[in-house]
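Here's the letter readout for the chains.
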Amino acid sequence: MSLLAKIAEIEAEMARTQKNKATSNHLGLLKARLAKMRRELITPKGGSGGGTGEGFDVAKTGDARIGFVGFPSVGKSTLLSNLAGVYSEVAAYEFTTLTTVPGVIRYKGAKIQLLDLPGIIEGAKDGKGRGRQVIAVARTCNLILIVLDVLKPLGHKKLIEHELEGFGIRLNKKPPNIAQPCPQSELDGDAVKSILAEYKIHNADITLRSDSTADDLIDVVEGNRVYIPCIYVLNKIDQISIEELDIIYKVPHCVPISAHSRWNFDDLLEKMWDYLHLVRIYTKPKGQLPDYTSPVVLPTEHTAVEDFCLKIHKSLLKELKYALVWGASVKHNPQKVGKDHVMEDEDVIQLVKK
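Note that this is a predicted model, so its numbers are computed, not measured.

1. Let's talk about the nonpolar core
Ile66, Phe68, Leu79, Leu114, Ile144, Ile146 and Met272 are the most contacted members of the largest nonpolar core, which has 54 residues in total. Of all the elements, helix 9 (residues 265–276) adds the most residues to this core, at 7 residues. If we skip the residues at most four places from it in the chain, Phe68 touches Lys76, Leu79, Leu80, Leu83, Leu114, Leu115, Asp116, Leu117, Leu145 and Val147. Membership of the second largest hydrophobic core comes to 15 residues, among which are Val279, Val296, Val305 and Val330.

2. Overview of the sheet that holds strand 9 (residues 278–283)
Spatial ordering of the open sheet is given by 10-9-13-11-12, a layout of 5 strands whose pairing is mixed. Each edge of the open sheet carries a strand with a single partner, namely strand 10 (291–299) and strand 12 (335–337). Neighbour-to-neighbour, the strand axes of this sheet turn through a mean angle of 40°, independent of strand direction. Relative to strand 13 (residues 347–353), strand 9 is paired through 3 bridges, and the arrangement is parallel. The residue bridging Tyr282 from the neighbouring strand is Val348, located in strand 13. Across the sheet, helix 10 (residues 305–312) touches strand 9, strand 10, strand 11 (320–326), strand 12 and strand 13, and the angle it forms with strand 10 is around 110°.

3. Looking at unusual backbone geometry
Cis rather than trans, the peptide bond between Asn333 and Pro334 has omega equal to -5°. Within the element layout of this structure, Pro334 appears in the loop between strand 11 and strand 12. Positive phi outside glycine occurs at His253, with the angle close to 55°. Position of His253 among the secondary structure elements: in the loop between helix 8 (242–248) and strand 8 (254–256).

4. Digging into helix 3 (residues 76–84)
Across the 9 residues that make up helix 3, a large majority, 7, are buried. Within the span of helix 3, buried status applies to Lys76, Ser77, Leu79, Leu80, Ser81, Asn82 and Leu83.

5. Notes on the packing of aromatic side chains
Within this structure, the stated rule accounts for 2 aromatic pairs. Ring centres 6.2 Å apart and planes at 65° place the aromatic pair Tyr107 and Trp273 in the edge-to-face group. Separated by 166 residues along the polypeptide, Tyr107 in strand 2 (residues 101–107) and Trp273 in helix 9 bring together distant segments of the chain. Side by side, Tyr107 and Trp273 carry an identical accessibility label, which is buried. An angle of 75° between the planes, with centres 4.9 Å apart, marks the rings of Tyr282 and Tyr292 as edge-to-face. With Tyr282 in strand 9 and Tyr292 in strand 10, this residue pair connects regions lying 10 residues apart in the sequence. Note on Tyr282: relative accessible area 6%, which makes it buried. Judged by its relative accessible area of 52%, Tyr292 falls in the exposed class.

6. What to know about the environment of Val147
You can see Val147 is positioned in strand 4 (residues 143–149). Remark: the alpha-carbon pair of Val147 and Lys76, spanning 71 residues in sequence, is separated by 6.4 Å. Excluding residues that lie within four positions of it along the chain, Val147 makes contacts with Phe68, Val69, Gly70, Val74, Lys76, Leu79, Val233 and Asn235.

The rules we used
Residues numbered from 1 in each chain as written. Predicted model: local features only at pLDDT ≥ 70, side-chain atom pairs only at ≥ 80, totals over all residues. Heavy atoms only, no water. Core = buried A, V, L, I, M, F, W, Y, C linked by side-chain atoms within 4.5 Å. Buried < 20%, exposed > 50% of the residue type's maximum accessible area, 1.4 Å probe, protein only. Helix = DSSP H or I, 4+ residues; strand = E, 2+ residues; numbered from the N terminus. Contact = heavy atoms within 4.5 Å. Pairing = 2+ DSSP bridges. Axes fitted to C-alpha atoms, helices over the stretch in contact; angles between N-to-C directions. Phe/Tyr/Trp six-rings, centres within 6.5 Å; stacked < 30°, edge-to-face > 60°.

Without other data, these values stay purely geometric and don't point to any function.
Set out below in structure tokens:
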């Protein structure tokens, strides 16, 4: 029996099983089995991920990477070419982009790589089409833009989320916090035991810090989940009414645009910047004015002086005596700080060497 057939069998059994207190352990066990099979599907035994396929692995450049995901012919290529001036083959029929097309934009001083990924088809997580390679590239992105055709049903949004979830990508979620006691509405001792038994874990201390589900526990045990922010880009708004547009604006994490007419790009770029969580640090050579044209861009969670030095060159850290910082992160301008000082957006820094 093939792996896909086994997965289909478990999914069918889960669909048949009624959700209640008596069946929760059984469902948890089925979810754990399903997660294990999906992992085998992504990384087949004896191989290292099933090969990336020609034109898929694009070298990571710039300060952040954004992937455009969507069904064929929703306007991903038009959006990329109008945003970044990159020509990705565009046609009015489905499946025009067959490999990953990279483009780069500069926004607020940051260099952002944009990837137009080939159209996802239903069943991508099960290895259909080139879905497996597409989603493997999506896992390396700092932000995912799910491009949807506003004229097609929003069911497409659910389908793409389902495909990405099947590959261990969690959209707009934080990793589950499993470590300090908290009352549970779904998991009990038996449910936890049955899930862990499936992973051959028979002796473990588990503390749940938040009200967790069976899926949360499986995500932690699997340990290969990626948590990526996501924006839903609803394209082709030039073909709908104002009233419909008002409704669309109420959808969370959503930006309506027209890639063809270049409508609402400012709103999209601003939201992309917010979701990327980047911090700009300006450099100031001794005795000169700060250079505001090309900041050093760091992710929000790594903005210490040490991270700044490592981004430029690792030898800088050994030569560093102290740094002078101007901006929101210090009380005095300038302030003398060490390598552990955490900087904020648009701070100015001058390094003093030993």
